[in-house]
Amino acid sequence: MSLLELINTENLPKHLAIIMDGNGRWAKQKGFLRAMGHESGTKSVKVTVETCAKIGVENLTLYAFSTENWNRPKLEVDTLMKLLVGSLKKELKTLQDNNIRLNSIGNLSKLPNSILKELQDVIEKTKNNTRMTLTLALSYGSREELINVVKNISDKVKNNIISIDTIDESIINQHLYTHNLPDVDLLIRTSGEHRISNFLLWQIAYAELIFTDVLWPDFTEEHLYEAIISYQKRERRFGKTSEQIKQK
């Protein structure tokens, strides 16, 4: 029996998020420049996106570029930006053919104009697609996101738009970059690192976490299936007891 056959399509994560880590180490292990690792990583992106759409995942969010990544060497940042533009142009047909809507979150004002223009163009052209929403986290940092939420809500309280007594999880969710997405059900991080790295800190409050030693350029369809099968074997209690879950 194949791994695909072991997946229960009635119990898929509604929102899968992935920290795509290990491109640089993959390149170093093979004696290549780090740029080669990032370029090879785009192949894993394509496979993962198409596989998620195929099996029925409704929302996929990829950590493509963090706020901290701007501190990397200029050559690496420039390479990442060029790869991003190239991928957006190249993969528009893939998105359309698979009925996938592109979305983006983060401090997009920091992106070069050429990338922002290409990104907005693909978002516009795919806005009516309904099979899956692919969200790219670009120039994204969760702490920055939460700081903006506090500022925006505070401003509305100050101007009597929101009463302080009505602030709850729903109000906060409405002010997040991900206001149009459900909470994350499953978070995967590749490369053997066991940390969250400032990614969707609010949204992963009850997510199942899977850390794999596989470097991102080596991440395959089978690795994705293995992660989803592991997710489906877990009991998600959301603070309740096992007995309470079983009584449902």
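The numbering scheme is per chain: residues are counted from 1 as the chain's sequence reads. Totals for whole chains, interfaces and linings use all residues, but because this is a predicted model, local features are given only for residues with pLDDT of at least 70 and pairs of side-chain atoms are given and counted only at 80 or more. Side-chain calculation: all heavy atoms of the structure are included, whereas hydrogens and water are not.

Novice: Whenever I open this one, helix H4 (residues 113-125) confuses me. Can you help?
Specialist: Owing to its 3.6 residues per turn, the α-helix brings residues three or four apart onto one side. In this text, helices come from DSSP runs of H or I with a minimum length of four residues, and strands from runs of E with a minimum of two, each type numbered from the N-terminal end. Take the residue count of a helix, subtract one, and multiply by 1.5 Å to get its expected span. For H4, spanning 13 residues, the distance from its first C-alpha to its last is 18 Å, which sits close to the expected 18 Å at 1.5 Å a residue. The rule is simple: take the accessible area with a 1.4 Å probe, protein chains only, and divide by the maximum for that residue type; under 20% is buried, over 50% is exposed, in between is partly exposed. Considered for burial, the residues of H4 that qualify are Ile-115, Leu-116, Glu-118, Leu-119 and Val-122. In an axial view of H4, the angular spread of the buried residues amounts to 165°, which keeps them on one side of the axis. Facing away from the buried side of H4 by more than 90 degrees, the exposed set consists of Asn-113 and Lys-117. Pairs of residues are marked as contacts when any of their non-hydrogen atoms sit within 4.5 Å. The secondary structure elements touched by the buried residues of H4 are helix H3 (74-97), strand S3 (100-105) and strand S4 (132-140). Note that the arc is defined by the directions from the helix axis to the C-beta atoms.

Novice: In this structure, what is going on with helix H5 (residues 142-158)? I would like to understand it.
Specialist: Over its 17 residues, H5 runs 24 Å from end to end, which matches the ideal 24 Å to within 8%, given 1.5 Å per residue. The complete set of buried residues in H5 reads Ser-142, Glu-145, Val-149 and Ile-153. One side of H5 carries all its buried residues, which in axial view fall inside an arc of 65°. Projecting away from the buried face of H5 at angles above 90 degrees are the exposed residues Arg-143, Val-150, Lys-151 and Lys-158. Turning to H5, the residues buried within the fold contact S4 and helix H6 (169-174). Asn-160 lies just past H5 and shows a positive phi near 60°.

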